Amino acid sequence: MGTQFLAPVVKLNNGTTIPKLGLGTYDIKHVRDTIKAAIDVGYRHFDTAWLYNNEREIGDALKEVLKEGKVKREDLFITTKLYMTKMDPVDIRAAFNQSLERLQLEYVDLYLIHAPTSLKNCGDQTLPKDEQGSLLLTNVDYVDTWKGLEELVDEGLVKSIGVSNFNNKQMERILEMAKHKPAIHQRFGRRFWYSSRTQNS
């Protein structure tokens, strides 16, 4: 029997399935207990990121429920993201391995480029700035970052890859060169909020 999700699922372009309903974990409180409670009421899809600084707590919760037999690994869909300071191809593997180690998993279901803009890697700084307070941007091309994510797919460490907060032109560049097409384009949004600039730029 294949993977069973309690929420309705959507089949992605690579044949994998993703639950339509997921729990975003940005800025949530009592992370470990929240994840366990969410699983108890039927959530199977959890969205996190290096930036959220909660992968370790999520991993602790997942390890516990898996050990208890409440769910199987194949019943879960775990998304995390490569942050802007880790987009240089030489940094991708270490960043991914750190996320994987924190989540205490052997693979992730979906790995996203968090944003198309690359920032200088200054360790754990999320928004590195110069002495004048300007962000330290780099010339890393997200196309090269994408190639690094494709390697993770080829090695079986990631089931699907995608992007977040890209505009149409940026998506087109990825689609033109990708060996593994983006399975997901995640965009920020709120009810009654729409960005024509993101859609049409």
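On a predicted model such as this, the values are computed, not experimentally measured, just so you know.

### As for the nonpolar core
Link 1 in the chain: Among the nonpolar cores identified, the biggest contains 44 residues, and Ile35, Tyr111 and Val158 are the most heavily contacted of them.
Link 2 in the chain: Mapped onto this core, the elements with two or more residues apiece are helix H1 (31–40), helix H2 (55–68), strand E5 (77–82), helix H3 (89–103), strand E6 (108–113), helix H4 (142–154), strand E7 (158–164) and helix H5 (168–177).
Link 3 in the chain: It is H4 that contributes the most residues to this core, six residues altogether.
Link 4 in the chain: Once you skip the residues sitting within four places of it in the chain, valine 158 turns out to touch Phe96, Val108, Tyr111, Leu152 and Val153.
Link 5 in the chain: Membership of the second largest hydrophobic core comes to six residues, among which are Leu12, Phe77, Leu110 and Ala183.

### With respect to H3
Link 1 in the chain: With 15 residues, H3 extends 22 Å between its outermost C-alpha atoms, agreeing within 8% with the 21 Å of an ideal straight helix rising 1.5 Å per residue.
Link 2 in the chain: Structurally, H3 contributes buried residues whose contacts are with H2, E5, E6, H4 and E7.
Link 3 in the chain: Phi turns positive one or two residues past the end of H3, at glutamine 104, with a value near 60 degrees.

### Section: the sheet that holds strand E8 (residues 184–186)
Link 1 in the chain: Ordered by their spatial adjacency, six strands build an open sheet running E3-E4-E5-E6-E7-E8, and the pairing between neighbours is parallel. Looking at the sheet topology across the chains shown, the edges are occupied by strand E3 (23–24) and E8.
Link 2 in the chain: Bridge analysis of E5 against E6 gives four bridges, and the strand direction is parallel. If you follow threonine 79 over to E6, its bridge partner there is leucine 110.

Cut-offs and rules
Residue indices follow the written sequence of each chain, beginning from 1 at its first position. Local features are withheld for residues below a pLDDT of 70 in this predicted model, meaning they are given only at 70 or higher, and side-chain atom pairs are given and counted only at 80 or more; totals for whole chains, interfaces and linings count all residues. Side-chain numbers come from the whole structure's heavy atoms, not from hydrogens or water. What we call a nonpolar core is a set of buried Ala, Val, Leu, Ile, Met, Phe, Trp, Tyr and Cys residues that are connected through their side-chain atoms within 4.5 Å. The buried label applies to any residue whose accessible area, calculated with a 1.4 Å probe on protein chains only, is under 20% of its type's maximum; exposed applies above 50%, and partly exposed to all values in between. Secondary structure elements are defined from DSSP: runs of H or I of at least 4 residues count as helices, runs of E of at least 2 residues count as strands, and each element is numbered from the N terminus. Contacts are assigned to residue pairs with any non-hydrogen atoms lying within 4.5 Å of each other. One less than the residue count of a helix, multiplied by 1.5 Å, gives the span that helix is expected to have. By the convention used here, strands pair only if DSSP detects at least 2 bridges between them.

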